[in-house]
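Residues per chain, in single letters:
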Amino acid sequence: MSSLQAPRGTFDVLPPDAAQRLVLEEQARRILGAAGYGRIETPTYEATELFARGVGEATDIVQKEMYSFDDGAGRSMTLRPEGTAPICRAYIEHGMHKQPQPVKLWYLSSFFRAEAPQKGRYRQFWQVGAEAIGAAGPETDAELIVLLYDLLQAVGVKGLQLRLSSLGTAQTRREYREELAAYLHAHEDGLSHEVIGRIDLNPMRAFDADDARTRETMRGAPLMLDRLAPDDAEHFESVKALLNDAGIRYELDPTLVRGLDYYARTLWEFTSDALGAQSAVGGGGRYDGLIEQLGGPPTPGVGWAAGVERMLLSAGQQPIAANVVDLFVAIPPSSGEGASQAAFKLANDARRAGLSAQLELAGRGLKGQLKHADRLGARYVAIIGDPMQISLKDMEAGDQTELAPESVIPTILRGSRIA
Ligand code: ATP
Ligand code: MG
């Protein structure tokens, strides 16, 4: 084996895996398309400041997970670590606020984070995501949660749990963060060094700490859900009522923290029991201040992203229908003048007529070719010994008939047994 391998934390998607992913993509297109979401693709890299400003300076992503590089002209670029900031950038850049609101978009793309690779955690990974920009009402939040739930169900993700919270709006959050930071400073001897170091950057992350002493200290901390301003509380009540109506079960988790700084109001995360340590399959939230922060007009927004690898891991191998092969075109090694051209033409013509057709490309003997056709599950094999007289073998019936070249495709299309 060559010493060249895929970089650490990356992987190849080989055809059987690609088939699983295609099924997932089709589910996403069906579910999100039916709700009026249009597909978007943004560049693989963006100006670094888009993520620094959008995702939040104090987040893990910006502090240590970004792959940044100089573009050769002195500008710092970053491989996209997430999809929301680029989509908001595109919304502003293309003046999408002039379109009927909300603008509803979805994506399935790869993202890059410099993380310690492990099962379900990679350096290049795929996310499917959806955003609704330009609508502030709770129906939008609830719609997005239901769509994510439906997608996870359709893909077959097992042991799903939904955790739900609200962060309030920027103003209440600021006041709450001060209150929380004061609490944390007053209890520093019960906190890990990492948490202490982040108190003033992002005190909310303290709820996320693994350290047992910190967790104990956090049990007495004030909770954002108890501090919501009346209109935020009302918004959250409506989201919950809509989810109840939709029959979606959730658990309120006032300590829910997600690794992105732009969220306000509704916040949620789906976990799967089937995943072990990396149990988060997907989540999202409302980000009403983000577009303005990126230089656009004040615009509400809400969205989610779900990890494709974690969805597939949790769903396990689902059976996938094998590809049909209608026709295998065989060329006996002893065949005469013009046979290989005729074979090549027949395979092309068959494909253009809508059949799936494969041509012998490996120089096998006739026996080997028939064996290969059988392995592919080919319905018919055309044996081109003489380009003017083609033997068409019906692999199901086992019989063989001699046909003029122009009769081969119509015969297969009729699917009639060759008597
Ligand atoms: P985690 O807490 O597991 O690091 P996160 O909060 O960083 O997740 P998000 O930024 O919200 O994750 O991304 C949404 C989803 O993308 C996650 O729920 C997960 O399924 C997936 N995801 C995130 N980072 C990775 C990664 N490095 N490799 C594979 N999937 C990932
Ligand atoms: Mg992370």
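Residues numbered from 1 in each chain as written. Chains lettered and ligands numbered in written order. Predicted model: local features only at pLDDT ≥ 70, side-chain atom pairs only at ≥ 80, totals over all residues. Heavy atoms only, no water.

Q: How would you sum up the packing of helix α1 (residues 15–34) against helix α5 (residues 138–155)? Please name residues and give values.
A: As a packed pair, α1 and α5 sit with axes 10 Å apart at the nearest point and diverge in direction by 145°. In the crossing of α1 with α5, the sense of the turn from one axis to the other is right-handed. Where α1 abuts α5, its residues Leu24, Gln27, Ala28, Arg30, Ile31 and Leu32 lie against Leu147, Asp150, Leu151, Ala154 and Val155. When grouped by side-chain class, the residues that make up the contact of α1 with α5 number eight nonpolar, one polar and two charged. (Axes fitted to C-alpha atoms, helices over the stretch in contact; angles between N-to-C directions. Helix = DSSP H or I, 4+ residues; strand = E, 2+ residues; numbered from the N terminus. Left-handed = near helix turned anticlockwise from the far one by under 90°. Contact = heavy atoms within 4.5 Å. Nonpolar A, V, L, I, M, F, W, Y, C, P; charged D, E, K, R; others polar.)

Q: Before we move on, could you go through the sheet that holds strand β10 (residues 280–286) and cite the residues and values that matter?
A: Pairing is mixed in the open sheet, where eight strands are placed in the order β1-β5-β6-β11-β10-β9-β7-β8. The sheet is open, and its two edges are formed by β1 (38–39) and β8 (251–252), each paired on a single side. Summarising the sheet, β1 and strand β5 (residues 103–112) pair through two bridges and their orientation is parallel. What sits directly across from Arg39, in β5, is Trp106. Sheet strands in contact with α5 are β5, β6 (124–133), β7 (160–166), β9 (264–272), β10 and β11 (301–307), and its direction is about 10° off that of β9. (Pairing = 2+ DSSP bridges.)

Q: Give a detailed account of the nonpolar core, specifying residues and quantitative values.
A: Judged by nonpolar contacts, the single largest core of 85 residues is most densely connected at Val128, Trp268, Trp304 and Met311. Residues contacting Met311, with those up to four places away along its chain left out, are Leu24, Val128, Leu151, Leu152, Val155, Val157, Val281 and Ala306. (Core = buried A, V, L, I, M, F, W, Y, C linked by side-chain atoms within 4.5 Å. Buried < 20%, exposed > 50% of the residue type's maximum accessible area, 1.4 Å probe, protein only.)

Q: An account of empty space enclosed by the protein is requested, with residue identities and associated values reported.
A: All chains considered together, the criterion is met by two cavities of 30 Å³ or more. Of the voids in this model, the largest cavity is the one considered here, and its volume is about 90 Å³. Surrounding the largest cavity, 13 residues form its lining, Leu167, Arg173, Val257, Arg258 and Leu260 being those nearest its centre. For the lining of the largest cavity, the class distribution of residues is seven nonpolar, one polar and five charged. By volume, the second largest cavity is sized at about 50 Å³. Around the second largest cavity, the lining residues are Ile40, Glu41, Thr42, Arg80, Glu82, Gly83, Pro86, Ile87, Tyr107, Ser109 and Phe111. Every element with two or more residues in the lining of the second largest cavity is listed here: α4 (84–93) and β5. (1 Å grid on protein atoms, 1.4 Å probe; cavity = no way out; pocket = protein on both sides within 12 Å on 5 of 7 lines; lining within 4 Å. Points joined across faces, edges and corners; volume = space filled by probe spheres on them.)

Q: With reference to specific residues and values, describe the sheet that holds strand β13 (residues 357–359).
A: Here five strands make up an open sheet; going across it, the order is β13-β12-β14-β15-β16 and the pairing mixed. Edge positions in the open sheet fall to β13 and β16 (400–403), since each of these has one partner strand only. Sheet twist, expressed as the mean angle between neighbouring strand axes with direction ignored, is 25°. Of the strand pairs in this sheet, strand β12 (residues 327–330) and β13 are connected by three bridges, and their pairing is parallel. Among the inter-strand pairings, Val329 is bridged to a residue of β13, identified as Leu359. Contacts between helix α12 (residues 339–352) and the sheet are confined to β12, β13, β14 (380–386) and β15 (389–394), with β13 contributing the most and set at about 160° to the helix. Contacts from helix α13 (residues 366–376) reach β12, β13, β14 and β15 within the one sheet, and its direction differs from that of β12 by about 170°.

Q: Explain the pattern of salt bridges to me, using residue names and the numbers behind them.
A: Scanning the entire structure with this criterion turns up 25 salt bridges. Note that Arg121 is salt-bridged to Glu115, the shortest N-O span being 2.9 Å. On the basis of relative accessible area, Arg121 is assigned to the partly exposed category, the value being 22%. For Lys345, the salt bridge is made with Asp349, and the minimal N-O distance between the two is 2.7 Å. (Salt bridge = Lys/Arg side-chain N within 4 Å of Asp/Glu carboxyl O.)

Q: Which residues make up the packing of aromatic side chains, and what values do they have?
A: Tallied over the entire structure, the rule returns eight aromatic pairs. With 5.9 Å between their ring centres and 50° between their planes, Phe11 and Trp126 make a pair best called tilted. Placement of Phe11 in the segment before α1 and of Trp126 in strand β6 is noted, with a sequence separation of 115 residues between them. With a centroid separation of 6.3 Å and an interplanar angle of 35°, the aromatic rings of Tyr149 and Phe270 are classed as tilted. In this pair, Tyr149 sits in helix α5 while Phe270 sits in strand β9, placing the two residues 121 residues apart along the sequence. We classify Phe270 as buried; its relative accessible area is 1%. Here the aromatic cluster, defined as three or more aromatic residues joined through ring pairs, consists of Phe11, Tyr122 and Trp126. For the cation-ring pair, Arg21 lies above Trp126, with the distance from its terminal atom to the ring centre recorded as 5.3 Å. Note that Arg80 overlies the ring of Phe111, its terminal NZ or CZ placed 5.1 Å from the centroid. (Phe/Tyr/Trp six-rings, centres within 6.5 Å; stacked < 30°, edge-to-face > 60°. Lys NZ or Arg CZ within 6 Å of the ring centre and 35° of its normal.)

Q: Residue-level account of the environment of Thr140, with values.
A: In this structure, Thr140 sits in helix α5. By relative accessible area, Thr140 is classed as buried at 10%. Not counting residues up to four positions away in its chain, the partners in contact with Thr140 are Ala132, Ala135, Arg286 and Val302.

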